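Take a look at the letters that make up each chain.
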Amino acid sequence: MSKKLIIAAISLSLLQFANHEAKANDVQQDPEQNQEQDIVDHYCSNITETFITRILQEVKTNPAAISELPECFKLNRRLIIKTVLIDPTQFADASPILKKDKNFIRRLLKINSSILQYAAPNLRKDKIFMEKATYINRDALEYADPRLLDNKLFMKRMIDIDSRNYMFASNRLRKIPEFAELAFEDDGMLLEHAPEEIQ
């Protein structure tokens, strides 16, 4: 990414804050180099709690706060966790590296299951990963790959584990009497999620 693109990606308020902090810390600037780029480089190599706090303030008012930051910020696990606590949709702009990190996604699932919709597609297709995800958050299957939700063997197992998973099964599977009976026997309220043919 070019210097100009990186600088353009940073919101004005964050850049002004970085400028102020850099001067306060007597950061030496090479007059022949782009001063703003030096500031970005400095903060990418030293993302402090103060700077994270300032970014989180921006997140509260700016839906595109994370998307406007350089990649090094999008890869910072501490920043992304704190951001998701404020606004889970901001995970959409996190680094692709974090979106395919199974352990990191599991940590975020404890906060909100909706972050799964932004996880790497291969994770949402992974039977083992998605089953384990439901142990952390009961709504995890809502964001599973549609083909997985239409997989008869997988969904039967998932309904056996938790009858509530019936509501996430594909329409085709919810029409199968065996699946419906299995779910309703445990929780009759799930009838409202059944197709008309079953009701």
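Here the structure is a predicted model, which means the values were calculated and not measured.

Description of the pattern of salt bridges
Applying the stated criterion to the full structure yields eleven salt bridges. Arg78 is the partner of Glu49 in a salt bridge, and the nearest nitrogen-oxygen pair spans 3.2 Å. Note that Glu49 is positioned in helix H4 (residues 49–61) and Arg78 in helix H6 (residues 77–86), a separation of 29 residues in sequence. The class for Glu49 is partly exposed, based on a relative accessible area of 36%. In this structure Arg78 comes out as partly exposed when scored by relative accessible area, which is 38%. What you see here is one network of salt bridges that share partners, running through Glu49, Arg78 and Lys82.

Quick look at the packing of H6 against helix H8 (residues 102–109)
Contact geometry for H6 and H8: axes closest at 10 Å, N-to-C directions at 30 degrees. Classified by the interaxial angle, the pair formed by H6 and H8 is roughly parallel. For the crossing formed where H6 meets H8, the hand is right-handed. The segment H6 lies against H8, with Arg77, Ile80, Ile81 and Val84 engaging Phe104, Arg107 and Leu108.

A short note on the packing of aromatic side chains
Counting across every chain of the model gives two aromatic pairs. Where Phe51 meets Phe73, the ring centres are 5.5 Å apart and the plane angle is 75 degrees; that geometry is what we call edge-to-face. On the criterion of sequence distance, the pair formed by Phe51 in helix H4 and Phe73 in helix H5 (residues 71–74) is long-range, its members being 22 residues apart. Under the relative-accessibility criterion, Phe73 is labelled buried at 3%. Pairing Phe91 with Phe104 gives two aromatic rings, centres 6.4 Å apart and planes at 40 degrees, and the pair type is tilted. In this pair, Phe91 sits in the loop between H6 and helix H7 (96–99) while Phe104 sits in helix H8, placing the two residues 13 residues apart along the sequence. In this structure Phe104 comes out as buried when scored by relative accessible area, which is 2%. For Arg77, the ring lying beneath its charged end belongs to Phe104, and the centroid distance is 5.6 Å.

What counts and what doesn't
- Residues numbered from 1 in each chain as written.
- Predicted model: local features only at pLDDT ≥ 70, side-chain atom pairs only at ≥ 80, totals over all residues.
- Heavy atoms only, no water.
- Salt bridge = Lys/Arg side-chain N within 4 Å of Asp/Glu carboxyl O.
- Helix = DSSP H or I, 4+ residues; strand = E, 2+ residues; numbered from the N terminus.
- Buried < 20%, exposed > 50% of the residue type's maximum accessible area, 1.4 Å probe, protein only.
- Axes fitted to C-alpha atoms, helices over the stretch in contact; angles between N-to-C directions.
- Parallel < 35°, antiparallel > 145°, perpendicular 65-115°, else oblique.
- Left-handed = near helix turned anticlockwise from the far one by under 90°.
- Contact = heavy atoms within 4.5 Å.
- Phe/Tyr/Trp six-rings, centres within 6.5 Å; stacked < 30°, edge-to-face > 60°.
- Lys NZ or Arg CZ within 6 Å of the ring centre and 35° of its normal.

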